[in-house]
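As a plain string of letters, each chain reads:
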Amino acid sequence: TKSIVQISRSNIYRFGDPNFAAPVFRDVEWTIDEGESWAVIVGTGSKQKTALLQTLLGHLRITPPPLPGGLLSDPPRDPHNSVAFVSFAHRPRAAGGAFYDYTFRYGAVREEDRITLRESTFGEYDFLNVQPKGGKVKTPVEIAQNEVKKGIFEDLTSRLGLSSLLDLPLIALSNGQTRRACIVKAILSEPELLVLDEPLTGLDVNTRPILLNVLRSLHESRSPRIIMGLRIQDPVPDWISHIALVTGETILTGVKDEIMSKHAEHHAKEAEHRTASTTPSYLQSGLDHGKPVVDMKNVN
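Because the structure is a prediction, the values reported are computed rather than measured.

**Remarks on the pattern of salt bridges**
Consideration 1: This structure, assessed with the given rule, holds 11 salt bridges.
Consideration 2: The salt bridge involving Arg26 is made with Glu249; its shortest N-O contact spans 3.0 Å. Of this pair, Arg26 sits in strand β2 (residues 25–33) while Glu249 sits in the loop between β8 (242–247) and β9 (250–255), and the two are 223 residues apart along the sequence.
Consideration 3: Overall, Arg26 belongs to the partly exposed group, its relative accessible area being 37%.
Consideration 4: For Glu34, the salt bridge goes to Arg222, with nearest N and O atoms at 3.7 Å. Linking Glu34 in the loop between β2 and β3 (38–44) with Arg222 in the loop between α6 (208–220) and β7 (225–231), this pair joins segments that are 188 residues apart in sequence.
Consideration 5: Through salt bridges with shared partners, a single ionic network connects Glu34, Arg222 and Arg225.

In structure tokens form, the structure reads like this:
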């Protein structure tokens, strides 16, 4: 079975850090085989989850490097061109630090705010025009490629409920609608692997299953393969088969049920330890505390 990722007993460092520096992750064993469905879940520290996802894009250094034969190494390919990354973990600030008051978004809209979803998100794609910008005539191959991409675009926007929103001003859209559009744009770049960091955050409960069904079908058809980053409180989709659980500098990988069971046990032991450490000595059993001064039972 062809592997997507093969990392064997490696430390992961930030670029520029020497090997004697503290690694971001230590002793990582992570193999993703074709046909498996993975989610990266953070136990503690959301930055660590994002760092592991960005490792797949080549943004961190793996020592020793991944084994040959994986998705990006057979033949060797640049992960920056083969892997798309869309993160919803942190909302970016407005450009230039500006604050936009959208209280009257449906009324007094400034001219620069009239840009539509189609223009802002998909304006770089020329699906319809045989004569593109610059006067260069498209070849039959380019026209055929555009037709295929146009079909994908129309299918995705329809399934994700965006078709009727394409010509609305961008500022009139909800957070969830904008997020779905970002995912469609990433898919149109035709990556082999699409990494989505917290795609469910901010989506209403009715939209989540729609998005998850689309992601599942895309992953199963490998167009593209999907890896999701989730918070520990997020529901894990039933079609996810494997989990990489990030806890500090440690990554626990394996079958979903086994990893979640181990995490639950570890969490219960930690809670028990915290309770014991904060229980006053006079309430702990098994100790000789001498003769009771006050002894109450069944009192209101």
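On we go.
**Regarding the side chain of Arg225**
Consideration 1: Among the structural elements, Arg225 can be located in strand β7.
Consideration 2: Under the relative-accessibility criterion, Arg225 is labelled buried at 12%.
Consideration 3: A polar side-chain atom of Arg225 sits 2.8 Å from a polar atom in the side chain of Glu34.

**Notes on the nonpolar core**
Consideration 1: Counting residues in each nonpolar core, the largest one holds 38 residues, and the members touching the most others are Phe122, Val184, Leu194 and Leu215.
Consideration 2: Among the elements that take part in this core, helix α5 (residues 175–188) stands out by supplying 6 residues, more than any other.
Consideration 3: When neighbours within four sequence positions are excluded, Leu194 is seen to be in contact with Ala84, Val86, Ala186, Ile187, Pro224, Arg225, Ile226 and Ile227.

**Observations concerning the sheet that holds strand β1 (residues 3–14)**
Consideration 1: Spatial strand order, β2-β1-β4: 3 strands in an open sheet with antiparallel pairing. A strand with exactly one partner marks an edge of an open sheet, and here the two such strands are β2 and β4 (60–63). Recorded for the sheet is a direction-independent mean angle of 45° between the axes of neighbouring strands.
Consideration 2: Relative to β2, β1 runs antiparallel, the two sharing 6 bridges. By the bridge assignment for β2, Ser10 is matched with Val28.

**Observations regarding the pairing of β4**
Consideration 1: Side chains of β4 alternate between two faces, with Leu60 and Ile62 buried and Arg61 and Thr63 left unburied.
Consideration 2: Pairing analysis gives 4 bridges linking β1 to β4, with the strands arranged antiparallel. Bridge assignment links Ile12 to a residue of β4, and that residue is Ile62.

**Notes on the packing of aromatic side chains**
Consideration 1: A full pass over the atoms with the stated rule returns 2 aromatic pairs.
Consideration 2: Ring plane angle 75° and centroid distance 4.9 Å describe the contact between Phe122 and Phe153, whose orientation is recorded as edge-to-face. Placement of Phe122 in helix α3 (residues 117–122) and of Phe153 in helix α4 (residues 140–159) is noted, with a sequence separation of 31 residues between them.
Consideration 3: For Phe153, a relative accessible area of 6% translates into the label buried.

**Topic: the pairing of strand β6 (residues 193–197)**
Consideration 1: Of all 5 residues in β6, 5 are buried, a share of seventy percent or more.
Consideration 2: Of the two faces of β6, the one carrying Leu193, Val195 and Asp197 and the one carrying Leu194 and Leu196 are both buried.
Consideration 3: Relative to β6, strand β5 (residues 83–87) is paired through 5 bridges, and the arrangement is parallel. Its bridge partner being in β6, Ala84 is matched across the sheet by Leu194.
Consideration 4: Alignment of β6 against β7, held across 5 bridges, turns out to be parallel.

**With respect to the environment of Lys49**
Consideration 1: Relative to the elements of secondary structure, Lys49 occurs in helix α1 (residues 46–55).
Consideration 2: Its relative accessible area of 0% is what places Lys49 among the buried residues.
Consideration 3: Sequence separation between Lys49 and Thr247 is 198 residues, and the spatial gap between their C-alpha atoms is 8.7 Å.
Consideration 4: In this structure, Lys49 is in contact with Val40, Val42, Asp197, Glu198, Gly229, Leu230 and Val246, ignoring residues within four places of it in sequence.

**With respect to a nonpolar patch on the surface**
Consideration 1: On the surface, Val293, Val294, Met296 and Val299 cluster together into a nonpolar patch covering about 480 Å² of accessible area.
Consideration 2: Along the chain, Val293 falls in the segment after α7 (256–278).

Calculation criteria
- Residues numbered from 1 in each chain as written.
- Predicted model: local features only at pLDDT ≥ 70, side-chain atom pairs only at ≥ 80, totals over all residues.
- Heavy atoms only, no water.
- Salt bridge = Lys/Arg side-chain N within 4 Å of Asp/Glu carboxyl O.
- Helix = DSSP H or I, 4+ residues; strand = E, 2+ residues; numbered from the N terminus.
- Buried < 20%, exposed > 50% of the residue type's maximum accessible area, 1.4 Å probe, protein only.
- Polar contact = N/O pair within 3.5 Å; in protein donor to acceptor, adjacent residues only side chain to side chain.
- Core = buried A, V, L, I, M, F, W, Y, C linked by side-chain atoms within 4.5 Å.
- Contact = heavy atoms within 4.5 Å.
- Pairing = 2+ DSSP bridges.
- Axes fitted to C-alpha atoms, helices over the stretch in contact; angles between N-to-C directions.
- Phe/Tyr/Trp six-rings, centres within 6.5 Å; stacked < 30°, edge-to-face > 60°.
- Patch = residues over 30% accessible without salt bridge, like charges linked within 9 Å, V, L, I, M, F, W, Y side chains within 5 Å.
- Areas by Shrake-Rupley, 256 points an atom, 1.4 Å probe, with all protein chains shown as cover.

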